[in-house]
Amino acid sequence: MALYDHIQELRAELSASYDPAEIAQIESELAAAWAEIERLAKERPEEIAGELRIG
């Protein structure tokens, strides 16, 4: 699964969640996914467009 798809899935889960513990878990996973995008952008900028499906 591309990071973009994973982030979109997490966002959908977050918007549908009402449980504080679940919200915290999803927010943590979202932060980790964004950190991975930032890492990829620094290490392999030529590949980030493919990961995000925006290029």
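If you're wondering where the values come from, they're calculated on a predicted model, not measured in any experiment. (Residues numbered from 1 in each chain as written. Predicted model: local features only at pLDDT ≥ 70, side-chain atom pairs only at ≥ 80, totals over all residues. Heavy atoms only, no water.)

Enquirer: Would you mind going over the environment of Glu43 with me for this structure?
Expert: Within the secondary structure layout, Glu43 lies in helix α2 (residues 20-43). In terms of polar contacts, Glu43 uses its side chain to reach the side chain of Arg39, at 2.5 Å. (Helix = DSSP H or I, 4+ residues; strand = E, 2+ residues; numbered from the N terminus. Polar contact = N/O pair within 3.5 Å; in protein donor to acceptor, adjacent residues only side chain to side chain.)

Enquirer: What is the right way to read the pattern of salt bridges from this model?
Expert: Should the charged atoms of two oppositely charged side chains come close, the side chains can pair. One pass over the full model with this rule turns up two salt bridges. In this structure, Glu36 engages Arg39 in a salt bridge whose closest nitrogen and oxygen atoms are separated by 2.6 Å. Of the two residues, Glu36 and Arg39 are both situated in helix α2; the distance of three residues between them amounts to about one turn of the helix. Via salt bridges that share partners, Glu36, Arg39 and Glu43 belong to a single interconnected network. (Salt bridge = Lys/Arg side-chain N within 4 Å of Asp/Glu carboxyl O.)

Enquirer: What am I meant to see in the nonpolar core here?
Expert: One broad trend across soluble globular proteins is that nonpolar side chains are buried collectively. Among the nonpolar cores identified, the biggest contains eight residues, and these are Leu3, Ile7, Leu10, Ile26, Leu30, Ala33, Ile37 and Leu40. Among the elements of the structure, α1 (3-16) and α2 are those that each provide at least two residues to this core. Among the elements that make up this core, the one with the highest residue count is α2 (five residues). If near-sequence neighbours (up to four positions away) are discounted, Ala33 is found in contact with Leu3, His6 and Ile7. (Core = buried A, V, L, I, M, F, W, Y, C linked by side-chain atoms within 4.5 Å. Buried < 20%, exposed > 50% of the residue type's maximum accessible area, 1.4 Å probe, protein only. Contact = heavy atoms within 4.5 Å.)

Enquirer: Which parts of the structure should I look at to understand the environment of Ser17?
Expert: Among the structural elements, Ser17 can be located in the loop between α1 and α2. Those residues within four positions of Ser17 in sequence are excluded, and the remaining contacts are Glu22, Ile23 and Ile26.

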